[in-house]
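One letter stands for each residue in the lines below.
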Amino acid sequence: MVTQTTSKTTTSHPAILDKVMRSYQVVLKCDSQKQREEINQRIRKHEERQHHLLTQEVVKTAVEIYRANPNERYFVRKVGKAVGMNPNIAESAFHWLQIAVKGKIDKEQKVQSLLNFLHNNPQQLVEWMIFGRSPYTESCMGKRWKWQRRPTINILTSSRHQLDSYSRKKERDYLFANSLVFNGALPTYTQQDVVQGLDDALDYQTNAFAKISSLTDNQKAFLNKLKMLKNEQQIVIPFVTSWINSYQTSRWKSLKKLAKELAEIIGKPTRKLLSVVRQVVVFTLFDHVMQSVPQLLQGLRINNLVPLPFKRKNKGRLPVKTMMKKDYVITREGNAEELTRQAKKQGTTTLGFPQMGKKKLSAQVLFPPKVLEYIDNGAEIKIFQVSSGGAPSFKPRVDVVLEGAHDCFRSSKLLHSYLPKIPKGRKQVIGLDINRLGEFMVTFNTPSSVPNDLMKLAERYNHLEKVMKDLNFGFLRKRKEYDILGSCKLKGELNRVYKRRHRLLREITRRLPHFLAAVMVKKKCQTLKIEDLVADPAGTKGALAKAIYTMPDNLHIYKKAVWLASLELGYDIQLESVPPYHTSSKHYGCGGTIARDKGHHDFAPCKKCGHKVNTHENAALNISSLKGTPLPYNLFPSSHV
């Protein structure tokens, strides 16, 4: 039982003692399809009322009130008085508004810290202005904010797009006629200007590295690449000049393509020249950008880079929170404590949907066994949120929000179902290699095959990839034939396939931590080592992009697995990250190099000893043997809903 396994834990962390909230879908049982459609229609009307309340004037007023006092009760009351209305549905609308305004204020603080960083780093500022991205800035800001790479990139690109909008408005007043537009045309430059930019980049980097006593391998490689471009400048300069003087639909993607083409033309197809080519472009455009950009940023208000929430009204409707009085909108049987007691006693409750001038409709709420288990573990019902459904079922969606300690939301059933299928044997340190979905999606340095249920989900996911390819081909053909009806049908089927694929990936992500935890429990593991991967599929195509998108490379998976295994074993398992370099290309047995050319992904020969090696098991062995960097204990569970 959950209570027994929890009691075995000898240590507790402060994050585990905090209360968190989790949302789960429940079943709304109606007497007939006609009643379901009528209830759905009433919910839809409430959503529309809530939708019309969130005007831009109300949002502006809400931002000012939140800055004065962020407390939710004070916020809802003051916003209701300020806008001159306080209908019952407003409590739900202003609840969502408080969350959105909180997110806006938080983003303003992060964008302000980003601008402060760029003011102190002109080279990264120029990169951000030209490409909308800056890898060094992304790394620094991600560490400062303790964010993953993708959300950090989103802030950089979104703030850059907002800056374009602001600068175009200023250009109407003829203040910033020389400002750079994101992915627009760059200023025209000659080949001599690009040669000067290459010389400046080489001189700057040489002087910077001269101050360092011992250079790392990456620094030496970067300097050698710059010197190689200088030696091959007769080939490089015309290509870079043409790239600067041409219009690009995406400067970042086109620069990747340019760097790859230059490497092939020079005769070094395996060399990655993106960073050095990017620096040459930056030094070429440095003087032009720095003439106008600092002046633009100096007079910039942070509100111009962070738009107000709910500006795009066609992004879907918000669910209705049942936090209102019992006589209005949606009624329920008692407060949160009474609802929790009902769920424990009978496993059901009833929601009412009144409407003025019509009979009140009622529907029964059925709690799934998982939710009832969490409530029995000590979680409490906080609130219901209801949203309407679309055609053809018109099925309303009801979610229950539970609040409780982290241990309330843990179930060991799935973990124990995997244990009998894992071979016995102790392993103090487990190395984990992750790959695309399939037989080797997770591979350990000890024999443990992927369970059948995960394999079936992966096979269904890969099958949908083929189905999507055929549907896309048919959709393009119908569009060329101007078949409107056929295009609409295929578009709808494509959307449904995308949803099914997303749900499969979500289910794999949910089950995988339990399997990893089962392996650690069976092997009595004390340390789990993973690669410190930064897999970014943006700009990539073909098999590589598909592999990155389907790799379960999510730190949340490993944090949850370590947490589950630690509670089961009664001691804390250490999670460590190791550098990802050469783990797949170096043979663990003899130290030779594994031939990872085309057609050799899962099994490949070693160039030194000639043995055919399972590349994934070999990578897991290398990962387990490397020295790792411990990750802090308080990474999981998250306190967010």
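The structure under discussion appears in the preceding block.
The present account deals with the structure reproduced in this document. Please read all numbers here as calculations on a predicted model, not as lab measurements. (Residues numbered from 1 in each chain as written. Predicted model: local features only at pLDDT ≥ 70, side-chain atom pairs only at ≥ 80, totals over all residues. Heavy atoms only, no water.)

**Topic: the overall build of the protein**
The secondary structure content of the protein amounts to 22 helices and 14 strands. Buried residues in the protein amount to 46% of all 641 residues. In the protein, the share of contacts with a sequence separation of at least 24, taken over all contacts with a separation of at least 6, comes to 71%. In the form shown here, the protein has an accessible surface area of approximately 34500 Å², with 51% of it arising from carbon and sulfur atoms. (Helix = DSSP H or I, 4+ residues; strand = E, 2+ residues; numbered from the N terminus. Buried < 20%, exposed > 50% of the residue type's maximum accessible area, 1.4 Å probe, protein only. Contact = heavy atoms within 4.5 Å. Areas by Shrake-Rupley, 256 points an atom, 1.4 Å probe, with all protein chains shown as cover.)

**Quick look at the environment of Arg49**
On the secondary structure map, Arg49 appears in helix H3 (residues 33-53). With 41 residues separating them in the primary sequence, Arg49 and Ala90 have C-alpha atoms 8.6 Å apart.

**Here we look at the pattern of salt bridges**
Here the structure, examined in full by the defined rule, presents 21 salt bridges. The shortest N-O distance in the salt bridge between Glu138 and Arg149 comes to 3.8 Å. Of the two residues, Glu138 sits in helix H8 (residues 135-145) while Arg149 sits in helix H9 (residues 149-172), which places them 11 residues apart along the sequence. Because the salt bridges share partners, they merge into one network encompassing Asp453, Glu507, Arg510 and Arg511. (Salt bridge = Lys/Arg side-chain N within 4 Å of Asp/Glu carboxyl O.)

**What to know about the sheet that holds strand S8 (residues 429-434)**
The strand order across the open sheet built from five strands is S9-S8-S10-S11-S14, with neighbouring strands paired in mixed fashion. This sheet does not close on itself; its edge strands, each paired only once, are strand S9 (442-444) and strand S14 (629-630). Judged from the three bridges that link them, S8 and strand S10 (residues 527-531) form a sheet pairing that is parallel. Residue Ile430 lies in a different strand from S10, and its bridge partner there is Leu528. Sheet strands in contact with helix H21 (residues 555-569) are S8, S10 and strand S11 (574-578), and its direction is about 150° off that of S11. (Pairing = 2+ DSSP bridges. Axes fitted to C-alpha atoms, helices over the stretch in contact; angles between N-to-C directions.)

**Points about helix H16 (residues 369-376)**
Along an α-helix, residues three or four apart share an orientation, since each turn contains 3.6 residues. All of the buried residues in H16 are Val371, Glu373, Tyr374 and Ile375. Of the residues flanking the end of H16, it is Gly378, one or two places downstream, whose phi is positive at about 125°.

**Thoughts on the pairing of strand S1 (residues 19-29)**
Residue alternation in S1 divides its side chains into a buried set, Val20, Arg22, Tyr24, Val26 and Leu28, and an unburied set, Lys19, Met21, Ser23, Gln25, Val27 and Lys29. In the sheet, S1 pairs with strand S7 (residues 397-405) via eight bridges, with the strands oriented antiparallel. Bridged to Met21 within S7 is Glu403.

**Quick notes on the state of the cysteines**
Tallying each qualifying case throughout the model produces zero disulfides. Cys606 provides the cysteine sulfur closest to Cys590, a residue in no disulfide bond, and the two sulfurs are 3.5 Å apart. The class for Cys590 is partly exposed, based on a relative accessible area of 28%. (Disulfide = S-S within 2.5 Å.)

**Some details on the side chain of Gln279**
Mapped onto the elements of the fold, Gln279 is located in helix H14 (residues 274-298). Given a relative accessible area of 4%, Gln279 falls into the buried group. Those residues within four positions of Gln279 in sequence are excluded, and the remaining contacts are Gln123, Ala201, Tyr204, Gln205, Phe222 and Leu226.

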